[in-house]
Amino acid sequence: ANFEANIQNARALFESHLQSVFTQRGDGWEETTLSQATCGIFTGPFGSLLHKSDYVANGIPLVNPAHITEVGIEPDLRKTVSKETAHRLKNYVMREGDIVIGRRGEMGRCALVTEIENGWLCGTGSFFIKPSNRCDTRYLVRFLRSEGCKARLEKIAGGTVMPNLSNTDLGNLAFDLPPLDRQKALVEEIDSLHEETQRLESLYQRKLSALDALKKSLLQQAFSGQL
């Protein structure tokens, strides 16, 4: 129970630090919106542009919310498109440095497009954000994935059954943006703390696994009369 509590405390500490980072103000900080701070937010192709018959296996991946994980992007290679289809949908092709974010379902699910995903397509359930020289995209990803931002996005998302975020509402999301050099420094601090948090979680998980193995061993000895 103590180990499980320690895992939760480590996660809570990290989220508390994020909250303090994104709500602070300092010299050079300015209030802006996501649309103003970036080079635009673009919606993935709608159903009329992409049909079931367009899907092939082991082609060019599409990135929908289900493919965005805590550690990056994990495509479904069974549901991809051909080079010809990707060329037809070239306006939805993402490039390295873009940010892909889900527009429905779990809010705040986003990831940075890396060299690996360069040329992949934004899926119908996602937006992609073009970077600008005002924003460090790693900082922006951390902000969008924070619990505070997720809560704000959930409030403005429509949809009775499943949250569904509009391009306009996401673009109008207001936040305080520090100077670029400060963004980069804050990202380094956040990444360092996240690495330490992950190390602690891994340590406690190993201890939990060891305790579980010990419990099973003791129970087996007890039921076999070896104790």
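Notes on the structure follow. (Residues numbered from 1 in each chain as written. Predicted model: local features only at pLDDT ≥ 70, side-chain atom pairs only at ≥ 80, totals over all residues. Heavy atoms only, no water.)

1. Brief notes about the overall build of the protein chain
The condition that has to hold: Strands here are runs of E lasting at least two residues and helices are runs of H or I lasting at least four, both read from the DSSP assignment and numbered beginning at the N terminus. Three labels apply to residues, based on accessible area from a 1.4 Å probe with only protein chains included: buried if under 20% of the type maximum, exposed if over 50%, partly exposed otherwise in between. Residue contacts are defined here by distance: any two heavy atoms, one from each residue, within 4.5 Å place the two residues in contact. Using a 1.4 Å probe, the Shrake-Rupley method yields the accessible areas, and only the shown protein chains count as cover for residues. Asp and Glu count as negative and Lys and Arg as positive, but His and the ends of the chain are not part of the count. Charge placement uses NZ in Lys and CZ in Arg. For Asp and Glu, CG and CD serve respectively.
Within the protein chain one finds seven helices and 12 strands. In the protein chain, which comprises 227 residues, the proportion classed as buried is 40%. Contacts in the protein chain between residues at least 24 apart in sequence constitute 77% of all its contacts with a sequence separation of at least 6. Working note: accessible area of the protein chain is about 12800 Å², and carbon and sulfur atoms make up 51% of it. Positive and negative side-chain charges in the protein chain, numbering 27 and 28 respectively, have mean positions lying 6 Å apart.

2. Focus: the pairing of strand β11 (residues 126–129)
In plain terms, the rule: Strand pairing follows a simple DSSP-based rule, namely that at least 2 bridges must link the two strands.
Alternating positions in β11 separate into two faces, S126 and F128 on one and F127 and I129 on the other, with burial throughout. In the sheet, strand β2 (residues 41–43) pairs with β11 via three bridges, with the strands oriented antiparallel. Across the sheet, the residue bridging to I41 is I129, located in β11. Relative to β11, strand β8 (residues 99–102) is paired through four bridges, and the arrangement is antiparallel. From the neighbouring strand, V100 faces β11, where its bridge partner is F128.

3. Focus: the sheet that holds β2
The cut-off we apply is this: Fitting a line to C-alpha atoms yields each axis, with helices limited to the stretch in contact; the angle taken between N-to-C directions then spans 0 to 180 degrees.
A sheet is described by the order of its strands in space; here four strands give the open sequence β2-β11-β8-β9, paired in antiparallel fashion. The sheet terminates laterally at β2 and β9 (110–112), the two strands that pair on one side only. The mean inter-strand angle of the sheet, taken between neighbouring strand axes irrespective of direction, is 20°.

4. Digging into helix α5 (residues 147–156)
Quick reminder of the rule: The directions from the helix axis to the C-beta atoms form the arc being described.
When we look at burial in α5, the residues that qualify are C149, K150 and L153. Buried residues of α5, viewed axially, fall in a sector of 100°; they line one side. Tucked inside the fold, the buried residues of α5 contact α4 (137–145) and α6 (167–171).

5. Thoughts on the sheet that holds strand β10 (residues 121–122)
The strand order across the open sheet formed by four strands is β3-β7-β4-β10, and the pairing between neighbours is mixed. At either margin of the open sheet sits one strand with a lone partner, and together these are β3 (55–56) and β10. Bridging between strand β4 (residues 60–63) and β10 involves two bridges; their strand directions are parallel. In the strand pairing of β10, V63 is matched with C122.

6. Some remarks on α4
So the rule is basically this: Under the rule applied, a polar contact is a pair of N or O atoms within 3.5 Å (in protein, one hydrogen donor and one hydrogen acceptor; residues adjacent in sequence only if both atoms are side-chain atoms).
The buried fraction of α4 amounts to seven of the nine residues, a majority that puts the element mostly inside the structure. Among the residues of α4, T137, Y139, L140, V141, R142, F143 and L144 are the ones counted as buried. In this structure D136 caps α4, since a side-chain oxygen of it lies 3.0 Å from the backbone nitrogen of R138.

7. Looking at the pairing of β8
Alternating positions in β8 separate into two faces, I99 and I101 on one and V100 and G102 on the other, with burial throughout. Strand direction decides the pairing type here: β8 and β9, joined by three bridges, are antiparallel. Bridged to V100 within β9 is A111.

8. Quick word on the pattern of salt bridges
Side chains that differ in charge, positive against negative, can pair when their charged atoms come close. For clarity, the threshold we go by: The term salt bridge refers to a side-chain nitrogen of Lys or Arg lying within 4 Å of a carboxyl oxygen of Asp or Glu.
Applying the stated criterion to the full structure yields 13 salt bridges. The closest approach of N and O atoms between K130 and D98, which form a salt bridge, is 2.8 Å. Taken together, the residues K130 in the loop between β11 and α4 and D98 in the loop between α3 (83–88) and β8 connect sequence positions 32 residues apart. Classification of K130 as partly exposed rests on a relative accessible area of 23%.

9. As for the nonpolar core
Selection criterion: Nonpolar cores are built from buried Ala, Val, Leu, Ile, Met, Phe, Trp, Tyr and Cys residues. Side-chain atoms within 4.5 Å join them into one set.
Core analysis: the biggest nonpolar cluster contains 31 residues, and L34, L140, F143, L144 and L170 have the highest contact counts within it. Looking at this core, the elements that each hand over two or more residues are α1 (2–23), α2 (34–37), β8, β11, α4, α5, β12 (174–177) and α7 (180–223). Take this core: its biggest share by element is five residues, from α4. In contact with F143, not counting residues within four places along its chain, are F22, C149, R152, L173 and F175.

10. Here's the deal with the packing of aromatic side chains
As a reminder of what qualifies: Pairing of aromatic side chains here covers Phe, Tyr and the six-membered ring of Trp, requires ring centres within 6.5 Å, and sorts the geometry by plane angle: under 30 degrees stacked, over 60 edge-to-face, intermediate tilted. Definition used: whenever NZ (Lys) or CZ (Arg) falls within 6 Å of the ring centre and also within 35 degrees of the ring normal, the charge is taken to sit over that ring.
By the definition in use, this model includes four aromatic pairs. Measuring from ring centre to ring centre gives 5.4 Å for F22 and F143, while their planes differ by 75°; the resulting arrangement is edge-to-face. Here F22, found in helix α1, pairs with F143, found in helix α4; they are 121 residues apart in sequence, far enough to count as distant. Of the two residues, F22 and F143, both sit in the buried class. The cationic tip of K79 hangs over the ring face of Y55; the distance from NZ or CZ to the ring centre is 4.9 Å.

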